[in-house]
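Next come the chains, spelled out residue by residue.
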Amino acid sequence: MKNHEKRLNLVYPIGRGRSRSLGLEALTKPFWPVRRFWRRLGPLDAVRALDIEAGPISVSGIQEALMAVHHNYGSSSNAKLDQAHPDLARVMRRAIKMTPPNVDLTIVWTYRDKEQQNSIPASNTNARWPESYHNAEDEDGNPYSEAVDFAPLVNGKIPWKDDARFCHCAGIIYAAAQLEGVEIIWGNDFDEDGSTKDQSLADSGHIQRKNAAPRPPAED
Ligand SMILES: [Ca+2]
Ligand SMILES: [Zn+2]
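This write-up is about the structure you can find in this document.

Considering the overall build of the protein chain
Okay, so step 1: Secondary structure summary: the protein chain contains eight helices and seven strands in total.
Okay, so step 2: Per-residue burial over the protein chain gives 27% buried out of 220 residues.
Okay, so step 3: Partitioning the intrachain contacts of the protein chain with sequence separation of at least 6 by distance along the chain shows that 63% fall at a separation of at least 24.

Considering the sheet that holds strand 5 (residues 147-153)
Okay, so step 1: On the basis of which strands lie adjacent, the open sheet formed by four strands has the order 4-5-7-6 and antiparallel pairing. Each having just a single partner strand, strand 4 (104-109) and strand 6 (184-186) make up the two edges of the open sheet. Direction aside, the axes of adjacent strands within the sheet are offset by 35° on average.
Okay, so step 2: Relative to strand 7 (residues 206-209), strand 5 is paired through three bridges, and the arrangement is antiparallel. Following the sheet pairing, alanine 147 is matched in strand 7 by glutamine 208.

Description of the environment of glutamine 208
Okay, so step 1: As for its position among the elements, glutamine 208 is in strand 7.
Okay, so step 2: Glutamine 208 gets classed as buried once you count the C-beta atoms within 10 Å, which come to 23.
Okay, so step 3: Expressed as a C-alpha distance, the spacing of glutamine 208 and threonine 110, which sit 98 residues apart in the sequence, is 9.8 Å.
Okay, so step 4: Apart from residues lying up to four places away in sequence, glutamine 208 is in contact with Tyr133, Glu146, Ala147, Ile184 and Ile185.

So, how was this worked out
Residues numbered from 1 in each chain as written. Chains lettered and ligands numbered in written order. Predicted model: local features only at pLDDT ≥ 70, side-chain atom pairs only at ≥ 80, totals over all residues. Helix = DSSP H or I, 4+ residues; strand = E, 2+ residues; numbered from the N terminus. Buried ≥ 20, exposed ≤ 12 C-beta atoms within 10 Å, placed from the backbone. Contact = placed C-beta atoms within 7 Å. Pairing = 2+ DSSP bridges. Axes fitted to C-alpha atoms, helices over the stretch in contact; angles between N-to-C directions.

As structure tokens, then:
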């Protein structure tokens, strides 16, 4: 426990204009009423909800307080990230720590083998094995995906039809990539002109590594 944690409290409403406050350490425990309230907050509200009891609080203290309630990938997302190029895995692992409390992320795909790639409907991808960046392997033939498909998670479900939420997450991932020094290309702006209106096949839940080697053509 760091020193500043003793000075941070979460103030949360309990009805009829009353509120209760809890020390920060309670936030890291699975005390569900507080965690649920916390997740409903936007980032600014979350900072306002931190009541500073004594003395000045540093920006890093507030950041750490927010980090204490950050989201984490589940084991399935983590296993997928282990099959991606380490630069992309690093970006996605940083991105989830940068989302506000009410935005959660999941990993849908990294590497896809031949069967998985070719079973995706043509309406979702033009790419057939092995031409997708999701099909990349290292020199030993191990999964080494040059692309990641991500999605926002809302109450444990992916809101597939809510493209704005995917775009919101993509913005956070772009920022994470910049901080990690990794250049990425987003699936809703492949020509990188900043416009999402000129895409024939928009994929807001896809990023790939900009410096990835070109993929071989599809097999017949
Ligand atoms: Ca564009
Ligand atoms: Zn993809």
